[in-house]
Amino acid sequence: FVYTFRGSLQESTGAMYGSKFDRSYKVSEVLSAAIYLSEKAGRLVKDIRDKDALKEQSKGETKEGVNDPLTEGDLQSHRILVKGFKKAFPALNLVSEEHEEESVEGVTPPSLYHPDVQKVLKFDPAIAAEDITVWVDPLDATKEYTERLTQYVTVMACVAVKGVPVAGVIRKPFDDKTYWAWVDHGTSDSLRDLHGSKENAALEVIVSLSHKGEVEDVAKQAFAPREVHITGAGGAGYKVIEVVKGTEDVYVHTTLIKKWDICAGDAILRAIGGTQTDLLGNDINYSHNLNPKNEHGLIATMHDHDKYRVALKDAAKLK
């Protein structure tokens, strides 16, 4: 399911931003709300898993033929994120992986002031609401969540302006860590001095657990005769953080992937000097009115991006 919310003049009546004609927001405030909401949602995700109260359902199968589960953790996290953003920013364009439309009456809005965001703030003009899209992934790595592989689980939110990701939040609820970054401003303490900028002796490539074998063949063909180590892992948010840490040189995904899975990581990489594109070398556009599917694979790196991308594209026979 995909939930897309576009504010209207009628819906914005009585909003926190005063008059119903107030149609602009500041990134610092949207990012602050994203941090608070992601951490709140993450606490609930962890609590539901700890109590074994998942109420697991199935949304069907992925393109790779893997079960795509839906849990109470996904739904409760979605409600916290979507209701919180809608309450604070009624005119915001918002896209979530899950689908549920509920009233925000009685919802306590998140704080729009985060002291750590204020520390890195350099400039903060008001931006037209129609130019801002927030992407949320209420629970990334749901399958692993059901299997108690909780190290892979994240809650993510991303702020895009005119399709360009400018701020991202990745919350790891089971590690009690929050990673966030704001392009041209700064990052959370958890990201400072974390990122690796030099490649490992053997090329370390991280891929999805669901198609590790397929990508392993492509990567080994692409980088022969260099030694290549392939790590299978769940969750796009987890994999991007491993690249940022320098544990992995390349995160590659050769098939379709949804934009709510990758927007926050894209923003974080941009903020710290990394790069994320599709395998054809295109930047990914995160405007709310475009297809939420990224059809041409994904590659994320902290160094030598084009070298890795061209080799992988050729090996995967993408055009």
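Residues numbered from 1 in each chain as written. Predicted model: local features only at pLDDT ≥ 70, side-chain atom pairs only at ≥ 80, totals over all residues. Heavy atoms only, no water.

Asks: Where do I start with the overall build of the protein chain in this structure?
Replies: When you go through the protein chain residue by residue, the secondary structure sums to eight helices and 18 strands. In the protein chain, buried positions account for 56% of the 319 residues. Of the accessible surface of the protein chain, which amounts to about 13400 Å², a share of 47% is contributed by carbon and sulfur atoms. (Helix = DSSP H or I, 4+ residues; strand = E, 2+ residues; numbered from the N terminus. Buried < 20%, exposed > 50% of the residue type's maximum accessible area, 1.4 Å probe, protein only. Areas by Shrake-Rupley, 256 points an atom, 1.4 Å probe, with all protein chains shown as cover.)

Asks: Any chance you could explain the pairing of strand β7 (residues 132-140) here in plain terms?
Replies: The side chains of a regular strand alternate, residue by residue, between the two faces of the sheet. Most of β7 is tucked away, with nine of its nine residues classed as buried. Bridging between strand β5 (residues 93-96) and β7 involves four bridges; their strand directions are parallel. Note that in β7 the partner of Asn93 across the bridge is Thr133. (Pairing = 2+ DSSP bridges.)

Asks: Could you clarify how one ought to interpret unusual backbone geometry in this entry?
Replies: As a rule of thumb, non-glycine residues mostly have phi less than zero, and peptide bonds are mostly trans rather than cis. The linkage connecting Ala224 with the following residue, Pro225, adopts the cis geometry, with an omega of 10°. Within the secondary structure, Pro225 sits in the loop between α5 (212-223) and β13 (228-233). For Arg148, which is not glycine, the phi dihedral falls at a positive 65°.

Asks: Where do I start with the state of the cysteines in this structure?
Replies: By definition, a disulfide is the covalent link that joins the sulfur atoms of two cysteine residues. Counted according to the given criterion, the structure contains one disulfide. With its sulfur 2.1 Å from that of its partner, Cys158 forms a disulfide with Cys263. Here the disulfide of Cys158 and Cys263 is left-handed, its torsion about the S-S bond being about -50°. Here the residue Cys158 occupies a position in strand β8 (residues 154-161), and Cys263 occupies one in helix α7 (residues 259-272), the gap between them amounting to 105 residues. According to the relative accessible area criterion, Cys158 is buried, its value standing at 1%. Residue Cys263 is classed as buried on the basis of its relative accessible area, which comes to 0%. (Disulfide = S-S within 2.5 Å.)

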